[in-house]
Structure formats: structure tokens, C-alpha cells
Amino acid sequence: MSESHTPTSGAARLNTGVAHNARVWNYWIGGKDNYEVDQRVGEQVAGMFPVIRDVARADREFLGRAVRFLAEERGIRQFLDIGTGLPTAENTHEIAQRIAPESRIVYVDNDPVVLAHARVLLTGTPEGATDYIDADVHDPDAFLERAARTLDLGRPVAVMMLGILNFVLDTDKARDIAHRVMAAVPSGSHLVLTHPTFDPDLGGEGQIPAMRFWNENATPPITARGRADVAAFLDGLELLEPGLVSCSRWRAEDPAAAPVPQFGAVAVKP
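The structure displayed is predicted, hence computed values, not measured ones.

Reading the values: the criteria
- Residues numbered from 1 in each chain as written.
- Predicted model: local features only at pLDDT ≥ 70, side-chain atom pairs only at ≥ 80, totals over all residues.
- Heavy atoms only, no water.
- Helix = DSSP H or I, 4+ residues; strand = E, 2+ residues; numbered from the N terminus.
- Areas by Shrake-Rupley, 256 points an atom, 1.4 Å probe, with all protein chains shown as cover.
- Contact = heavy atoms within 4.5 Å.
- 1 Å grid on protein atoms, 1.4 Å probe; cavity = no way out; pocket = protein on both sides within 12 Å on 5 of 7 lines; lining within 4 Å.
- Points joined across faces, edges and corners; volume = space filled by probe spheres on them.
- Nonpolar A, V, L, I, M, F, W, Y, C, P; charged D, E, K, R; others polar.
- Phe/Tyr/Trp six-rings, centres within 6.5 Å; stacked < 30°, edge-to-face > 60°.
- Buried < 20%, exposed > 50% of the residue type's maximum accessible area, 1.4 Å probe, protein only.
- Expected span 1.5 Å × (residues − 1).
- Arc of directions from axis to C-beta.
- Polar contact = N/O pair within 3.5 Å; in protein donor to acceptor, adjacent residues only side chain to side chain.
- Axes fitted to C-alpha atoms, helices over the stretch in contact; angles between N-to-C directions.
- Parallel < 35°, antiparallel > 145°, perpendicular 65-115°, else oblique.
- pLDDT = per-residue confidence, 0-100.
- Pairing = 2+ DSSP bridges.
- Salt bridge = Lys/Arg side-chain N within 4 Å of Asp/Glu carboxyl O.

Peer 1: Please explain the overall build of the protein as it appears in this structure.
Peer 2: Helix and strand content of the protein: nine helices and eleven strands. With the model as given, the accessible surface of the protein reaches about 11100 Å², and the carbon-plus-sulfur share is 50%.

Here it is as C-alpha cells:
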């Protein structure tokens with residue numbers, strides 16, 4: 001089994017005095033890897049925007065469906081999961097390696113709590129490989145260089161960007177990051193994306209005051225975007241059915257699943 005955990009200089013230090021997204025998200029989906037400050041801010045946000053817990057669960061369920069689809073139907077055996085978050089049940093490597101034990105997975109995050117848990121929990125199969133890179137989404141060149149030690153960037157890669165580009169506040173920069181990462185992987189690679197929206201057709205108006213509160217009381221700061229801006233992250237790729245939709249409805253087992261204000265999409269690089 002190949003497992004490694006690659007640090008980078010200047011790694012973030014643990015701060016338990018300020019709520020952090022990875023820990024609050026963990027709280028919303030019923031995890032225990034969070035602190036009182038995370039619970040307090042999480043409850044306040046949920047009080048302002050009650051659907052946020054549904055969003056958190058829907059995003060996690062989307063990850064499972066997307067990884068299964070890519071491993072089973074598209075034959076993908078390499079995954080680059082950027083913005084991993086705290087490990088829970090049914091992580092990317094667990095799903096992929098259950099289907100294809102030889103799958104290789106690289107996780108990228110820069111939260112010290114995530115790093116500590118990744119070292120213990122993100123272990124894979126003897127046939128495959130897992131790696132954790134301590135790096136920031138704002139520096140794609142750095143994590144791509146380190147990912148190439150585990151992944152063969154000459155073969156198709158599934159790039160997972162679930163709930164991460166919303167922490168890049170400048171839309172042009174977020175778009176550039178998505179395009180630079182996809183430029184580094186070959187034809188047949190896929191981009192798997194989720195992103196919060198304020199679009200009213202998905203019930204997203206409540207994101208705006210909730211995110212304002214978040215940005216004043218927690219870290220890192222976050223933004224929601226409209227459909228056109230999220231779609232631009234997928235420029236140059238072929239969007240797979242059912243397109244850019246609420247993540248709760250992307251290839252959902254229940255076609256009547258309630259929409260949540262979080263876009264989900266999978267696209268392939270031609």
C-alpha cells in the first residue's frame with residue numbers, strides 16, 4: 001500500500017478560537033470533530049438559513065454518486081480531491097477503491113485538523129495509493145507538482161472541487177484556478193464541481209445574509225455565485241447529463257429529491 005502525507009511550508013496553525021469551515025461542515029453532517037465555537041456559529045448559520053444542513057448532506061451524497069459514476073461507468077482510476085475537508089464515512093478513496101482497488105487518490109487541504117485526521121484515516125488498499133497534500137487551492141502549481149508524485153498526469157484524472165471555489169472570492173481568480181488545474185490533466189479527465197448559489201430558483205436568497213454573518217464570525221470567507229459564473233468554471237469541458245443542476249438532483253436515485261441551493265456538475269475534458 002502506498003500512503004504518504006506531503007507537507008508544505010507555511011502550513012496553517014490550529015485556531016480553536018474561531019469557527020472554521022471544515023469543522024462546522026463536520027458539525028452540520030453529524031460529525032464529532034468540531035469545537036464549541038464551530039457548534040455555536042453552525043447553529044447561528046443554521047438558524048438564519050435552515051436548509052444549510054440539507055446542503056451539507058446533499059453535497060456529501062453527490063460526492064458518493066459522482067465517484068461511483070466515474071469509477072464504474074467512466075473507468076477513472078485516479079482522483080485529485082481538492083478541499084478534502086474532515087474525513088468521514090465514504091471518503092473518495094473508499095468509494096473508488098471498493099470499485100477498483102488499484103485506484104490512486106490524492107487529497108489536498110490546508111487545515112491542520114484535516115491533516116491530523118488524514119494521517120490516521122485516509123488509508124487505502126494494498127493495490128492502490130493514497131496521498132494527502134497540505135496545500136492551498138490558491139496555489140495550484142504547487143499541489144499539482146506534488147500530486148504528480150502519486151498520480152500519472154498523463155492518464156485521465158477526476159479533479160474533485162466540491163465546495164472549494166466558493167472560498168476563492170475573486171471570480172476571475174477562481175475561474176483561472178479551475179482552468180489551470182484542468183489544463184494540467186489530459187483528455188478524458190473530469191471535473192467534479194459543487195458550488196453554493198444565491199439563485200432564487202434553487203432557494204438561494206437566504207445564502208446572502210448567512211454568508212455575511214459567516215464572513216464576520218468564521219474563516220475562511222465564502223461567497224455564493226449565480227449559474228453563469230459557476231458554468232464558466234466548466235468552460236472548455238463537455239458537461240455530462242444532467243448538466244449543471246442542484247447537487248441533490250444530480251443522478252439522484254429519487255428524481256423528486258428536493259433541490260438545494262448548491263450546484264453540482266460533472267464535465268469531461270475532450
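Picking up where we left off.
Peer 1: So what exactly am I meant to see when it comes to the environment of Gly226 here?
Peer 2: The topology assignment puts Gly226 in the loop between strand E8 (218-219) and helix H9 (227-232). Once the C-alpha coordinates of Gly226 and His195 are considered, the two residues, 31 residues apart in sequence, prove to be 9.5 Å apart. Here Gly226 is in contact with Thr197, Phe198, Asp199 and Phe263, once residues within four sequence places are set aside.

Peer 1: Explanation requested: the layout of surface pockets in the structure shown.
Peer 2: Over the atoms, a rolled probe matching the size of one water molecule traces out where space is still vacant. Counted as a void, the second largest pocket has a volume near 170 Å³. Taken together, Asp54, Arg57, Ala58, Glu61, Arg65, Ser248, Ala252, Glu253, Asp254, Ala257, Ala258 and Val260 make up the lining of the second largest pocket. Looking at the lining of the second largest pocket residue by residue, the class counts come to five nonpolar, one polar and six charged.

Peer 1: Before we go on, may I ask you to explain the packing of aromatic side chains in this structure?
Peer 2: In this description, a pair of aromatic rings is defined by centroid distance and the angle of the planes. Applying the stated criterion to the full structure yields three aromatic pairs. The interplanar angle of 70 degrees and the centroid separation of 6.0 Å between the aromatic rings of Trp25 and Trp28 together place this pair among those described as edge-to-face. Of the two residues, Trp25 and Trp28 are both situated in helix H1 (residues 21-28); the distance of three residues between them amounts to about one turn of the helix. Residue classification places Trp25 among the partly exposed residues on the basis of a relative accessible area of 22%.

Peer 1: Quick question: what am I supposed to make of H1 here?
Peer 2: Structurally, the α-helix is built with 3.6 residues per turn, so residues lying three or four positions apart point the same way. Burial of H1 is extensive: six of the eight residues sit out of reach of the surface. Among the residues of H1, those classed as buried are Asn21, Ala22, Arg23, Val24, Asn26 and Trp28. Two residues or fewer past H1, Gly30 is found with a positive phi of approximately 90 degrees.

Peer 1: Explanation requested: helix H7 (residues 171-183) in the structure shown.
Peer 2: With 13 residues, H7 should cover 18 Å at 1.5 Å per step; its first-to-last C-alpha distance of 18 Å lies within 8% of that length. Considered for burial, the residues of H7 that qualify are Ala174, Ile177, Ala178, Val181 and Met182. Buried residues along H7 cover an arc of 125 degrees about the axis, so they all sit on one side. Along H7, exposed side chains directed more than 90 degrees from the buried face belong to Asp172 and Ala183. Buried residues along H7 sit in contact with strand E3 (78-82), helix H6 (140-147), strand E6 (158-162) and strand E7 (190-196). The residue sitting at the N-terminus of H7 and contributing the capping side-chain oxygen is Asp170; that oxygen lies 3.0 Å from the backbone nitrogen of Asp172.

Peer 1: Could you clarify how one ought to interpret the packing of H1 against helix H3 (residues 52-73) in this entry?
Peer 2: Angle between the axes and distance between the axes are the two parameters that describe a pair of packed helices. At their nearest, the axes of H1 and H3 sit 9 Å apart, and the two run at 95 degrees to each other. Considering the angle they form, H1 stands roughly perpendicular to H3. Contact with H1, carried on its side by Trp25, Tyr27 and Trp28, involves Ile52, Arg53, Val55, Ala56, Arg57 and Asp59 of H3 and no other residues of that element. Its residues placed into classes, the contact of H1 with H3 shows six nonpolar, no polar and three charged.

Peer 1: How do you make sense of the confidence of the model for the protein when you look at a structure like this?
Peer 2: As a general rule, the predicted coordinates of low-pLDDT regions are not to be interpreted in detail. Overall, the predicted model of the protein reaches an average pLDDT of 90, with 89% of residues at or above 70. For the stretch residues 1-12, pLDDT sits under 50, and the model shows 34 contacts to residues farther than four places along the chain or on other chains.

Peer 1: When you look at the pairing of strand E5 (residues 129-134) in this model, what are you seeing that I'm missing?
Peer 2: Here is the key point about a regular strand: its side chains alternate between the two faces of the sheet. Of all six residues in E5, six are buried, a share of seventy percent or more. Residues of E5 alternate between two faces, with Ala129, Asp131 and Ile133 on one and Thr130, Tyr132 and Asp134 on the opposite face, all of them buried. Relative to E5, strand E4 (residues 104-109) runs parallel, the two being bridged by six bridges. Of the residues in E5, the one forming a bridge with Ile105 is Thr130.

Peer 1: Just checking my understanding: could you explain the environment of Phe263 for this structure?
Peer 2: Mapped onto the elements of the fold, Phe263 is located in strand E11 (residues 262-268). A C-alpha to C-alpha distance of 9.6 Å links Phe263 and Arg225, two positions 38 residues apart in sequence.

Peer 1: So what exactly am I meant to see when it comes to the pattern of salt bridges here?
Peer 2: Two side chains bearing opposite charge may form a pair once their charged atoms approach each other closely. Applying the stated criterion across every chain yields a total of nine salt bridges. The partner of Glu43 in a salt bridge is Arg53, with the nearest N and O atoms 2.5 Å apart. Placement of the pair is Glu43 in helix H2 (residues 36-48) and Arg53 in helix H3, with a sequence separation of ten residues. When its relative accessible area of 39% is taken as the criterion, Glu43 is described as partly exposed. Note that Arg175 and Asp172 form a salt bridge whose closest N and O atoms lie 2.4 Å from each other.

Peer 1: In this structure, what is going on with the side chain of His190? I would like to understand it.
Peer 2: Looking at the secondary structure, you find His190 in strand E7. Reaching out from His190, the side chain makes a polar contact with the backbone oxygen of Gly188 at a distance of 3.1 Å. Beyond its immediate chain neighbours, meaning those up to four positions away, His190 contacts Leu70, Arg74, Ile76, Val157, Ala158, Val159, Met182, Leu240, Val266, Ala267 and Val268.

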